[in-house]
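# Secondary and tertiary structure notes
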Amino acid sequence: MQSEGVPVDLYIYDLTNGLASVISPSIVGHKVEGVWHTSIVVYEREYFFGGQGISTCPPGSTSLRAPHQIKTLGNTFVPFPVFNQYIEGLATSTYAGSTYHLIDHNCNHFSDEIAQFLCGERVPKHILSQAERDLPAHLRIALTSMLDQLVPDGSQAVYANGVRHSRQDSPDYLTLNNQIEEARIASQELEAKRSTIAEKLARKERKKEKKRKKLREQGGAGDDDDMAEALEAVEARDPVSLAGPSTRDLDVEAEERRAEEQRKRTRDPPVVYRDIDGVQEFEAFSKTLEGVELTAEEKQSLEELQQYLVQGEGSWVLGDEFLSFIGRILSDPSIKTSSRCGVLRCLAASALKDDVSLLLHQDRRQHALLGYAHSIDMLPLDEQRALGLFMCNLFENTSSSEWLLYISEWEFKGVALSNIRVTTKVCVQCMLSDQTDLREFGTALLYNIASKEVKTVVFDEVCVELAMAALQLTQYEPAEEHLWRTLTALARLAQHSSEVPQLIAIVGPDPSSYRGRSPRIDEQIDIIMKKVK
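Residues numbered from 1 in each chain as written. Predicted model: local features only at pLDDT ≥ 70, side-chain atom pairs only at ≥ 80, totals over all residues. Heavy atoms only, no water.

Right, let's get into the packing of aromatic side chains. Under the definition given, this model contains 14 aromatic pairs. Arranged with centres 6.4 Å apart and planes meeting at 55°, the rings of F285 and F325 form a pair that is tilted. Taken together, the positions of F285 in helix α10 (residues 278–288) and F325 in helix α12 (residues 322–331) put the pair 40 residues apart, joining distant regions of the chain. A relative accessible area of 0% places F285 in the buried class. Feature note: the residues Y43, Y47, F80 and F83 constitute an aromatic cluster, connected by ring pairs. Positioned over the ring face of Y308 is K353, at 3.8 Å from the centre of the ring. Sitting above the plane of the W484 ring, R520 keeps its charged end 4.3 Å from the centroid. (Phe/Tyr/Trp six-rings, centres within 6.5 Å; stacked < 30°, edge-to-face > 60°. Helix = DSSP H or I, 4+ residues; strand = E, 2+ residues; numbered from the N terminus. Buried < 20%, exposed > 50% of the residue type's maximum accessible area, 1.4 Å probe, protein only. Lys NZ or Arg CZ within 6 Å of the ring centre and 35° of its normal.)

Pasting the structure below:
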């Protein structure tokens, strides 16, 4: 966006194409220059409102052809994503198609509201009041029908539950748009396949490890060769349950994964909280469950958590019902807050283990963890703190941090969500809290998210939301550590999204106002200002 802003024009159409000035004296008793329909043209698109809702198309491409008059209203400095979100909100509320009324709620009222939002200007009063002043009942009916068919089928664009974006755009634009959609679908399919494969491997590895454990118990401390021969015999008898990659292949893959994660941590070490003792957290959690009636399966799951955290076993010990147990703790209103905090802190300790992602992938069906996280704004502060700690620690390993940023949508209690949107919500809620310890987790999440190399359209969208929250946080005079994380995140978001520098310039505050707090803060300010300028 240029420093002078983006032009905002009011397109004024005469629905009668000059006929009104000729016949109006005999119909309404005085001369009417035209029957006015208006639209707003901004960001190289034309926006208008009618019986089908809010519509958009290339400027001047409606069936009304060229406008009778173009009135320049001014310039706007509102970033397009913010404007687009605003329009989509109107399309599902005050300007849904069902709200249209020729007299009280028409295209001119819509143009007037958009003009005020963009640049503080208004549609001329004589246009706003014309329907009530100049139009008899039979003419109103005819005009309503005309507006309903304002844009021919196939070239119309209506937003959200009211606005389709079918356009008369260039072939290159349509080709690019199709490629983006195909890439999005392919990404979602790949993500689903990866989750399914990981879940199957985890299940097979659990079965294999249980057999190893059983052989150890039966055979005592035999040497490795004996154990290998015994396992080969078991595999020969039960090839289905032990099918899959060999132990050597799994070891090589695990080593490569650890090496890659170490390289990434060295380059961009995440903010995590390693001073948490899994043994102590499990003991504290167990005490909070005294008096809680658990089923046999839930008792088994509690024992599995002990084996994982206290005895140091792998995630293979966590059975298929484990997440159902976690889900009950987090969602059952009869369970105390202390128990929910306890299980979240246990999970925070588990998040530091390199095989926790196998547990996370099992949550594809229930969404017990992120479904609960989505309600963070309704949770007690203690639960918000424990949840923030857990989600920060998931950035310890690449695989678990990637899980937090998955873009595939899923439904939870009738609401369409995705992992990345829930993660963003938790981050913003913690950042903007008046509690210092929650800001600690919020700024850590912001820093960790911004450090990830996520190249998706969805991430572009959350960049704006994260940047807005970051700018708001800087106005609270945060501590040096929190300010450094926030400005570092802004610098990286500005590198990723062209909208972020515009937001920084328009919304403020000016990052330069924080110079002198520390050398590392000044360094991030320099990076940001290169993009803003």
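Before going further, it helps to examine the pairing of strand β1 (residues 6–14). The element β1 is largely enclosed, with a buried count of eight among its nine residues. As paired strands, β1 and strand β5 (residues 69–76) are joined by seven bridges and run antiparallel to one another. Counterpart to V6 in the pairing with β5 is T76. The pairing of β1 with strand β2 (residues 36–42) spans six bridges and is antiparallel. Its bridge partner lying in β2, Y13 is registered against H37. (Pairing = 2+ DSSP bridges.)

What follows deals with the sheet that holds β2. Pairing is antiparallel in the open sheet, where five strands are placed in the order β4-β3-β2-β1-β5. Two strands lie at the open edges of the sheet, namely β4 (53–57) and β5, each paired on one side alone. Neighbour-to-neighbour, the strand axes of the sheet open up by a mean angle of 25°, direction not taken into account. Sheet analysis places strand β3 (residues 45–50) next to β4, joined by five bridges and oriented antiparallel. By the bridge assignment, G50 is partnered in β4 with G53. Where helix α3 (residues 107–119) meets the sheet, it contacts β1, β2, β3, β4 and β5, and its direction lies at approximately 30° from that of β2. (Axes fitted to C-alpha atoms, helices over the stretch in contact; angles between N-to-C directions. Contact = heavy atoms within 4.5 Å.)

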